[in-house]
Amino acid sequence: MTSLTPMVAELVDYYDDGEAARHFQFRLLDQQQWPPPEPGQFFMLSVPGAGEIPLTFTQLPDQNQHWWALVRRMGSVTSALFRLEPGAILGARGPFGRGWPRPGSDQTPVLLIAGGCGLAPLVSQAERLLEMNLGPVALIYGARSPEARVLGRERDRWQHKLALFEVIEQSPGQTARRTPLDALPDVLAHWGHEPGATFMCGPEAMMTALSQRLIERGIPPSSIWLSLERRMHCATGTCGHCYLSHRYVCQSGPTFGWPELELLMQQPVTTQTPPLLSC
Ligand SMILES: Cc1cc2nc3c(=O)[nH]c(=O)nc-3n(C[C@H](O)[C@H](O)[C@H](O)COP(=O)(O)OP(=O)(O)OC[C@H]3O[C@@H](n4cnc5c(N)ncnc54)[C@H](O)[C@@H]3O)c2cc1C
Ligand code: FES
């Protein structure tokens, strides 16, 4: 089990992106090392005097243990983080959870679907796919408004490497709401491929509807992967805050294959679940 004790980390740099979202670069101090994280895994960041929160890596730690995360300002901990300046000392522990499956070595077309800040957990998977340079890759990126979009630098960099379809829910002069679900048929027709693997992250209702729509089109359920968010405290499978049926999302997730997730969503929490511990 990974430790509950954070390592000492420093805030190195930051820049703003979108509405109330900011990229932060961190590094571990004192020659400390993490086991190499996989795309889709997460870490716990402690902000002194405020608390500890789970965050995804948008850039995995390099050999000097520097990494980036994109943070949306939500409540007390993220607001405290936004008040810090480079040089601030924090705590960090990880990596945790199950990352995205490693792409196979064939030419399978891969579809990525993200809503809002849900693009963050897909960044390192997209980079891995583009680096492997296998089959075609498409990204459907949905955002509430043009201003709410994030990861502009990454999307610019990907322009010529993958097929990028941006879906803005509320554009000026547009009356009907448009989401990645609405855009899916047009995108697949335009892209010209049926996905052999789909990775998605965003609001759970959006991901559920998209999974069902893909399956209706004949896409195998086992090729669909989703990343979930739950309240997390320990990230080590001891506190029970992240239960999904009889599983801990912090350990069995945050990424799940659709067949497993569909089963978990149908099962009530059993009386056999481990007792809740406070942490
Ligand atoms: C595995 C994982 C990875 C994550 N990665 C990122 C990331 O890369 N970037 C990022 O900005 N956020 C990420 N989050 C969400 C982030 O952890 C929460 O936004 C953060 O904990 C909010 O803390 P806070 O004290 O600022 O807000 P709080 O005061 O705790 O909450 C403010 C509001 O946000 C809601 N909220 C808080 N946490 C969550 C959550 N996990 N899911 C849904 N609603 C929530 C609360 O209900 C409340 O309405 C991730 C969450 C998980 C579980
Ligand atoms: S956060 Fe998953 S069990 Fe504590």
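Predicted model only: the values in this text are computed from it and were never measured.

> Give a description of the site of ligand 1 that names residues and reports values.
The immediate surroundings of ligand 1 are formed by 17 residues, with P54, L70, R72, T78 and R231 found nearest. For ligand 1, an oxygen atom lies 2.8 Å from a polar atom in the backbone of P54. Contact between ligand 1 and T78: an oxygen atom at 2.4 Å from a side-chain N or O atom of the residue. Coverage of ligand 1 by the protein chains reaches 74% of its 880 Å² of free accessible surface. Those elements that provide at least two residues to the shell around ligand 1 are β4 (51–56), β5 (66–72) and α1 (76–82). Among the elements that make up the shell around ligand 1, the one with the highest residue count is β4 (four residues). Looking at the shell around ligand 1 residue by residue, the class counts come to nine nonpolar, four polar and four charged.

> Go over the packing of aromatic side chains with me, naming the residues and quoting the values.
Enumeration over the complete set of coordinates arrives at 15 aromatic pairs. With a centroid separation of 6.2 Å and an interplanar angle of 65 degrees, the aromatic rings of F26 and F43 are classed as edge-to-face. Taken together, the positions of F26 in strand β2 (residues 21–28) and F43 in strand β3 (residues 42–47) put the pair 17 residues apart, joining distant regions of the chain. Assigned by exposure class, F26 and F43 land together as buried. An aromatic cluster is present here, built from Y14, F24, F26, W34, F43, F57, W67 and F82 joined pairwise through their rings.

> Run through the nonpolar core, naming residues and quoting values.
Counting residues in hydrophobic clusters, the biggest one holds 36 residues, and the most contacted among them are L111, M200 and L214. For this core, the leading source of residues is helix α4 (residues 180–191), giving six residues. For L214, the contacting residues outside a window of four places in its chain are L111, L184, L188, P195, T198, M200, I219 and I224. Formed by 27 residues, the second largest nonpolar core is a distinct cluster that contains A120, Y141, A197 and C201.

Reading the values: rules and limits
Residues numbered from 1 in each chain as written. Chains lettered and ligands numbered in written order. Predicted model: local features only at pLDDT ≥ 70, side-chain atom pairs only at ≥ 80, totals over all residues. Heavy atoms only, no water. Near = heavy atom within 4 Å. Polar contact = N/O pair within 3.5 Å; in protein donor to acceptor, adjacent residues only side chain to side chain. Areas by Shrake-Rupley, 256 points an atom, 1.4 Å probe, with all protein chains shown as cover. Helix = DSSP H or I, 4+ residues; strand = E, 2+ residues; numbered from the N terminus. Nonpolar A, V, L, I, M, F, W, Y, C, P; charged D, E, K, R; others polar. Phe/Tyr/Trp six-rings, centres within 6.5 Å; stacked < 30°, edge-to-face > 60°. Buried < 20%, exposed > 50% of the residue type's maximum accessible area, 1.4 Å probe, protein only. Core = buried A, V, L, I, M, F, W, Y, C linked by side-chain atoms within 4.5 Å. Contact = heavy atoms within 4.5 Å.

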